[in-house]
Amino acid sequence: MLTRARRFGRAVVALAAGAMLAGCDAGRPPLGELRLRTEDFTIRVSPETRPTRALEPIYWRVMVHDAKTGLPIQGGQGRIFGTNKDMKTVANGLEETGELGTYRSNLMFVTAGMWAMALQFRRDSTQILQKTQDWTQDILSADEPGNIQTPTSTRVTDTAKAPAVPDTTRKPVP
């Protein structure tokens, strides 16, 4: 029979082991996040809207840090853009969010397929825009417009209905 102190010790060890195993994945980027680098910036970009489909607004999350110090960049300016094989181009500026070093933008792709994407960013308007290396983004085909199915409704049970108020404008049914 285990003493109370031994059981407590084993429980502490089990909790510590679980916490260590949970922290093992902390260095890996979130699913779908790209890590890009320019001369002065480390940039992480990921689509917030999944799946990425044509003719739907795709929201992008962009986190920018100084490459030397690792500090987040506030007040910067930038844009995200893409071009497909038919030379269709989409672009939009980055907007600051409430989070340090985090920006947001949205793009609406006109066709499905592979798009060559890139980012440009600068610390402020006195600096030149620094471009990241291009990456490819697969944009899926759009959903069919409209829903042709008739909406269905659920009937409220008689017990859940409010008490019926007699309609005095109608003749009673024989």
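What counts and what doesn't
Residues numbered from 1 in each chain as written. Predicted model: local features only at pLDDT ≥ 70, side-chain atom pairs only at ≥ 80, totals over all residues. Heavy atoms only, no water. Salt bridge = Lys/Arg side-chain N within 4 Å of Asp/Glu carboxyl O. Helix = DSSP H or I, 4+ residues; strand = E, 2+ residues; numbered from the N terminus. Buried < 20%, exposed > 50% of the residue type's maximum accessible area, 1.4 Å probe, protein only. Core = buried A, V, L, I, M, F, W, Y, C linked by side-chain atoms within 4.5 Å. Pairing = 2+ DSSP bridges.

**Some words on the pattern of salt bridges**
Phase 1 of the analysis: For the coordinates displayed, the defined rule picks out seven salt bridges.
Phase 2 of the analysis: Of the charged contacts in the structure, one is a salt bridge between Asp-66 and Arg-123, with a shortest N-O distance of 2.7 Å. Of the two residues, Asp-66 is situated in strand S3 (residues 57-66) and Arg-123 in the loop between strand S8 (113-122) and strand S9 (130-131); the sequence distance between them amounts to 57 residues.
Phase 3 of the analysis: The partly exposed category is assigned to Arg-123, whose relative accessible area is 32%.

**Here we look at the nonpolar core**
Phase 1 of the analysis: Membership of the largest hydrophobic core comes to 22 residues, with the highest contact counts inside it found for Trp-60, Ile-80, Phe-109 and Leu-119.
Phase 2 of the analysis: Contributions of two or more residues to this core are made by strand S2 (41-47), S3, strand S7 (102-108), S8 and strand S10 (135-139).

**Description of the sheet that holds strand S6 (residues 95-96)**
Phase 1 of the analysis: Strands sit in the order S1-S2-S3-S7-S6 across an open sheet of five strands; the sheet is antiparallel. Looking along the sheet, the strands with just one partner apiece sit at the ends: strand S1 (34-37) and S6.
Phase 2 of the analysis: When S6 meets S7, the two strands line up antiparallel, connected through two bridges. Bridge pairing links Glu-96 to Tyr-103 in S7.

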